Amino acid sequence: MFVLPFAFLIGLGCFDYWFYWAAGKPTRAEDHSSHGATSWKSYFHPNTDHKVIGIQYTVHSFFFLFVGGLMAMLMRAELAQPGRQFVDANTFNGLFSVHASILIFLFIIPVFAGLANFVLPLMIGAPDMAFPRLNALSFWLLPCAGVLMLASFFAPGGSFASGWTAYAPLSTTAPLGQMFFTIAVQFAGASSIATALNFLVTIITMRAPGMSFFRMPLLAWANFSTSLLVVIATPFIAASQFFVLLDYALGFHFFDADKGGDVLMYQHVFWFYSHPAVYIMMLPGFGIVSEVLAVKARKPIFGYRMMAFSLLAIVVLGFTVWAHHMFVSGMQSWIRIPMMVTTAIIAVPTGIKIFSWLATLWRGVIRLDTPMLFALGFLTMFTCGGISGVMLAMIPLDIHVSDTYFIVAHIHYVLFGGSLFTIFAGVYYWFPKMTGRMYDEKLGKLHFWTTFVFFNATFAPMHIIGVNGMPRRVADYADQFATWNLVISLASFCLGLSSLIFAYNMVASWRGGARAVANPWRALTLEWQVSSPPPVFNFDQVPTVVGGPYEYGVPGAVHGIFGPAAPAEAKATPAGTHAQPPTE
């Protein structure tokens, strides 16, 4: 399971340059032959252009979204009525485990990396990422993880069936399919860490002249914060899965209580990563929504610096709440109290962002196109998910609804109504820049309204049946929940069909949509000041940043100019004020 993925990566040539260097041969001149896309074939081998890699990430992630979505449809078909319909209980366990793992490790986290890969260097005025070859390798690690997870269905005993949490000792005594998850997570985690390091170095060292930290767009702040989380937290899930691997393969007994092991240690290590992982899956979306709201409301972001500081506050507080996932685990009861308090406190910086976005919208000139609809949909749905999250911080309620459908509803309001809505907003918003084509606006709005309606019809009733005691992760249930489950299943099928509208719109528009101009949204940030799609090395002239990124509605405001700035311009305008345009 390790050898084949590495053979695949070596065969692709992902390590050629490093092998050449390690062999002590003279440095090869860079002819940029692996930089930029010349045809659709360019997307099927390693490429060092961040824009190509960004599209590779995004398309690859949406492929796994549809795979994970099909598994969800199968599960809802099974749950449409009590009793067995299509699959047995073990296969059902495999379906929800692979569904969750794929959508977390192969969709949400990578698709944010893909959008940022395409946009971030353009946005900060850089010609590329700091480490282009590492960037290419980061992407090609992901197909290895995806294939391993899907291949687990063919393992003796079936796929891994212990959920995406893979709690020990269940995972250390499961059939061989469990090892496919354990090793796939190592590839996905290595990809995340390498990407995060690349983002950090790029943001710190490659910003355009004049772009101080407080002149950066909030998407750059969001990815800076996310990358800090990834670099600190991701090694913990890698460690947890190495522990499982050593227990499973070599009999180390880390989690075998009879041999002196500590079962709860797994949960502590796992959740020390996996709660911050929720913010890894949210913070880039916060950045996307900030970009869309400011442009579509033609308003400066209200409280720009507080928005940036609240991102950093979430990074710090995210490491203080992990054990609220363990209130019923049997850990020491006194730990519940500080974890309840810190979980409630982390709602404060998130609340600051909600109020800042609402204040940004106040008296704005709002354009309700598809990216804006998804951004507003995110605001409402994520707020609902946040409220149920604060409810879950309270120990009595958490114990009452633990392992019920209330948890399923909460996590989907956060990750579907939250993360996925921001992803759709970002894809529609930057689609003209990425492809040079405009998407179909009518289909985009149809996609939003069908998604919004059927998302709520699917997941809102889960709160009710969860409070009434329907357990999650089961293939069968009591007859009293039959009516609600049938309603949920029918709504989920419609939700699945709505995604086909999106797929058709993207493919048809990319092939034959109207040509996009350089700046169709009249945005100020640097990525919109170049052609659509951008030149191979992004900028023909080095941009100079002379003002804040969101000075909409301010007469004469400019964020960046091309060519050197006059001395007075270069030192003017802290964030929140504006610069005058250059005089010719």
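Residues numbered from 1 in each chain as written. Predicted model: local features only at pLDDT ≥ 70, side-chain atom pairs only at ≥ 80, totals over all residues. Heavy atoms only, no water.

Is there a simple way to think about the overall build of the chain in this case?
Each helix and strand counted, the chain has 18 helices and 2 strands in total. Its C-alpha atoms put the chain at 75 × 65 × 50 Å along the principal axes. A total of 584 residues make up the chain; the buried ones form 56% of that total. Restricting the contact set of the chain to residue pairs at least 6 apart, pairs at least 24 apart contribute 78%. (Helix = DSSP H or I, 4+ residues; strand = E, 2+ residues; numbered from the N terminus. Buried < 20%, exposed > 50% of the residue type's maximum accessible area, 1.4 Å probe, protein only. Contact = heavy atoms within 4.5 Å.)

Help me out: how do you make sense of the packing of helix α4 (residues 89-123) against helix α6 (residues 177-205) in this one?
For any two helices packed against each other, the geometry comes down to the angle between their axes and how far apart the axes lie. It is the contact of α4 with α6, at a shortest axis distance of 11 Å, that shows an interaxial angle of 20°. When the axes of α4 and α6 are compared, the pair comes out roughly parallel. As α4 packs across α6, the resulting crossing turns out to be left-handed. Between α4 and α6, the contacting residues are Ser101, Phe105, Ile109, Ala113, Ala116, Asn117 and Leu120 on the first element and Phe181, Val185, Ala188, Ser192, Thr195, Phe199 and Ile203 on the second. Residues that form the contact of α4 with α6 fall into these classes: 10 nonpolar, 4 polar and no charged. (Axes fitted to C-alpha atoms, helices over the stretch in contact; angles between N-to-C directions. Parallel < 35°, antiparallel > 145°, perpendicular 65-115°, else oblique. Left-handed = near helix turned anticlockwise from the far one by under 90°. Nonpolar A, V, L, I, M, F, W, Y, C, P; charged D, E, K, R; others polar.)

What should I look at first to understand the environment of Asp540 in this one?
Looking at the element boundaries, Asp540 is found in the loop between α17 (482-512) and β1 (543-545). Among the residues examined, Asp540 registers a relative accessible area of 76% and is labelled exposed. Residues Asp540 and Val530 lie 10 residues apart in sequence; the distance between their C-alpha atoms is 8.9 Å.

What should I look at first to understand helix α8 (residues 263-280) in this one?
Taking 1.5 Å as the rise per residue, α8 with 18 residues should run 26 Å; its terminal C-alpha atoms sit 26 Å apart, in good agreement. At Trp271, α8 is bent by approximately 30°, the largest bend along its length. For α8, the buried fraction is high: 13 of the 18 residues fall into the buried class. Backbone nitrogen of Leu264 and a side-chain oxygen of the N-cap are separated by 3.1 Å at the start of α8; the cap is Asp262. (Expected span 1.5 Å × (residues − 1). Bend = angle between axes of the 7 residues up to and from the residue. Polar contact = N/O pair within 3.5 Å; in protein donor to acceptor, adjacent residues only side chain to side chain.)

Explanation requested: a nonpolar patch on the surface in the structure shown.
On the surface, Phe2, Phe6, Ile10, Phe19 and Phe242 cluster together to form a nonpolar patch covering roughly 450 Å² of accessible area. Take Phe242: it is sitting in helix α7 (residues 218-250). (Patch = residues over 30% accessible without salt bridge, like charges linked within 9 Å, V, L, I, M, F, W, Y side chains within 5 Å. Areas by Shrake-Rupley, 256 points an atom, 1.4 Å probe, with all protein chains shown as cover. Salt bridge = Lys/Arg side-chain N within 4 Å of Asp/Glu carboxyl O.)

Just to check I follow, could you spell out the side chain of Gln267 for this structure?
Examined against the element boundaries, Gln267 turns out to sit in helix α8. Discounting residues that sit within four places of it in the chain, Gln267 has contacts with Tyr167, Met326 and Ser329.

What exactly am I supposed to notice about the pattern of salt bridges here?
In a structure, side chains of opposite charge can pair up when their charged atoms sit close to one another. Tallying each qualifying case throughout the model produces 4 salt bridges. In this structure, the salt-bridge partner of Asp49 is Lys51, at a minimum N-O distance of 3.1 Å. A residue is classified by how much of its surface remains accessible, and Asp49, at 3% relative accessible area, is buried. Using a relative accessible area of 6% as the deciding quantity, one classes Lys51 as buried. Note that Arg472 is salt-bridged to Asp403, the shortest N-O span being 3.1 Å. Residue Arg472 is found in the loop between α16 (441-467) and α17, and its partner Asp403 is found in the loop between α14 (395-401) and α15 (405-435); the two are separated by 69 residues along the sequence. A residue is classified by how much of its surface remains accessible, and Arg472, at 25% relative accessible area, is partly exposed.

Help me understand the state of the cysteines in this model?
In protein structure, a disulfide is the covalent linkage between the sulfur atoms of two cysteines. A full pass over the atoms with the stated rule returns 0 disulfides. Cysteine Cys144 shares no disulfide, and the gap to the nearest cysteine sulfur, in Cys14, comes to 8.2 Å. (Disulfide = S-S within 2.5 Å.)

Whenever I open this one, the packing of aromatic side chains confuses me. Can you help?
One pair of aromatic rings is described through two measures. These are the centre distance and the angle between the planes. Applying the stated rule across the entire model yields 62 aromatic pairs. Between the aromatic rings of Tyr167 and Tyr266, the centroid separation amounts to 6.3 Å while the plane-to-plane angle is 85°, which identifies the pairing as edge-to-face. Pair noted here: Tyr167 is in the loop between α5 (132-151) and α6 and Tyr266 is in helix α8, with a separation of 99 residues, a long-range link. Exposure remark for Tyr167: the relative accessible area of 25% places this residue in the partly exposed category. (Phe/Tyr/Trp six-rings, centres within 6.5 Å; stacked < 30°, edge-to-face > 60°.)

Take it as geometry only, folks, not as evidence of what the structure does.
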